[in-house]
Amino acid sequence: MADDGTIPVEPRVLSIQSHVVHGYVGNRSAVFPMQLLGLEVDVLNTVHFSNHTGYKKFRGERMTSEQLENVVAGLEENDLLHYTHLLTGYVGNPALLRAITDTLRKLRRQNPSSLYVCDPVMGDDGKLYVPPELGTSIIVSLSMLIFSHPCAVDIYRDEVLPLADIITPNQFECELLSGMTLTSDADAIAACRKLHALGPRIVVVSSFTPPKEPHRLWLYASQAVGQGLSNTFKMEVPRLPAYYSGTGDLFAALLLSWLTRHPSNLKLALETVVATVQAVMRRTNDAQSANRTFVRSYERTTTSFTPSYSYVGELKLIQSRRDIEFPTAAHQPEGAAALVAAGVTVVFLTDDKDDVVRYTLSSPDVILS
């Protein structure tokens, strides 16, 4: 793979995550952007629902491990298990999750360099999406409170992460996987290094809200460089006062796509991903007056974002196709200025709290660890 934006080997992705008939979450949010960016994508749906679970009601079916194994066997029998990438999102079933790890092993027998991007979808805002039987009871800290919480962590931590190359947990999921409470840059660095030790060479904490600063939203990215060391940086992105289902799925798919083009430039890939997600969210926000749908949003207070229900549209993914295919990002002369104008900043981190160096988006890639 070249780092000049070209793709000399045709990438082929197997995307295993949820599916909805209406709306854009899971594979519905991930597949279209990857295809727009030139990737061949085959799809396995872990659930087939009428709509996502943020609605008042939903109906549908969940895939079993036996069904997944049967589909994979058909691919194998026809010599079709030739993938450069595996992307996984919502699974929600311990047996199915283990069947997916078996599938990855089969992929790597065909192609040992197959890259696994894992979005460990377990929950957000202190709440689990997945059944308690996926994990055990541990102690986590959220919103400055300590409490016992059943979490879907054991299988991810012990069986999935050792096989993963890249993971994209949100703050809640990162806390569950690392067993740490994240309240500072130092916490984020330490948590990412704990996750590196489990296997993934790239850890991206896709969203982090600083304590007592609910209006701010940070992204942390860490890349292992050997001998227990890592390069870490964070990005501050504008936070819209609304919640859009499917943005995490979109984020992971875009990260896979842009790292395929720029495998040795995590900063550039993430700047492009953030620029794209921001464009999609702003287009969605601007279109709220049309096709409104009853889903979760957030009410801003002085200390937190409180989940509530209001009218917010589904992601305007199709309408954002040019934003996805031709994003404004830092590798374009006007891109850095556009991101800065939008309120996006990048901070490169060190372990010394007094040694934090700020760079503009157009600065050289010097990452301190």
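Residues numbered from 1 in each chain as written. Predicted model: local features only at pLDDT ≥ 70, side-chain atom pairs only at ≥ 80, totals over all residues. Heavy atoms only, no water.

Visitor: How should the overall build of the protein be read in this particular structure?
Guide: Along the protein, the regular secondary structure elements total 10 helices and 17 strands. Counting across all 369 residues of the protein, residues that qualify as buried make up 54%. Across the protein, the fraction of contacts at a sequence separation of at least 24, relative to all contacts at a separation of at least 6, is 65%. On the protein, roughly 16,000 Å² of surface is accessible, and the fraction owed to carbon and sulfur atoms is 51%. (Helix = DSSP H or I, 4+ residues; strand = E, 2+ residues; numbered from the N terminus. Buried < 20%, exposed > 50% of the residue type's maximum accessible area, 1.4 Å probe, protein only. Contact = heavy atoms within 4.5 Å. Areas by Shrake-Rupley, 256 points an atom, 1.4 Å probe, with all protein chains shown as cover.)

Visitor: Hey, could you run me through the environment of Pro33 in this one?
Guide: Its place among the elements puts Pro33 in helix α1 (residues 27–36). For Pro33, a relative accessible area of 0% puts it in the buried group. In the structure, Pro33 is positioned 221 residues away from Leu254 in sequence and 6.9 Å away in space, judged by C-alpha atoms. If sequence neighbours within four positions are ignored, Pro33 has contacts with Leu250, Leu254, Leu317 and Ile324.

Visitor: Even after reading the chapter, I still don't get the packing of aromatic side chains, so can you show me in this structure?
Guide: Each pair of aromatic rings is reported with the distance of its centres and the angle of its planes. Applying the stated criterion across every chain, the model contains two aromatic pairs. When the ring of Phe49 is compared with that of Phe58, the centres are 4.9 Å apart and the planes differ by 45 degrees; the resulting orientation is tilted. For Phe58, a relative accessible area of 35% translates into the label partly exposed. Taking the centre distance of 5.4 Å and the plane angle of 75 degrees together, the rings of Phe208 and Tyr220 count as edge-to-face. Placement of the pair is Phe208 in strand β11 (residues 202–208) and Tyr220 in strand β12 (residues 217–226), with a sequence separation of 12 residues. Its end group placed over the ring of Trp218, Lys234 keeps NZ or CZ at 3.8 Å from the ring centre. (Phe/Tyr/Trp six-rings, centres within 6.5 Å; stacked < 30°, edge-to-face > 60°. Lys NZ or Arg CZ within 6 Å of the ring centre and 35° of its normal.)

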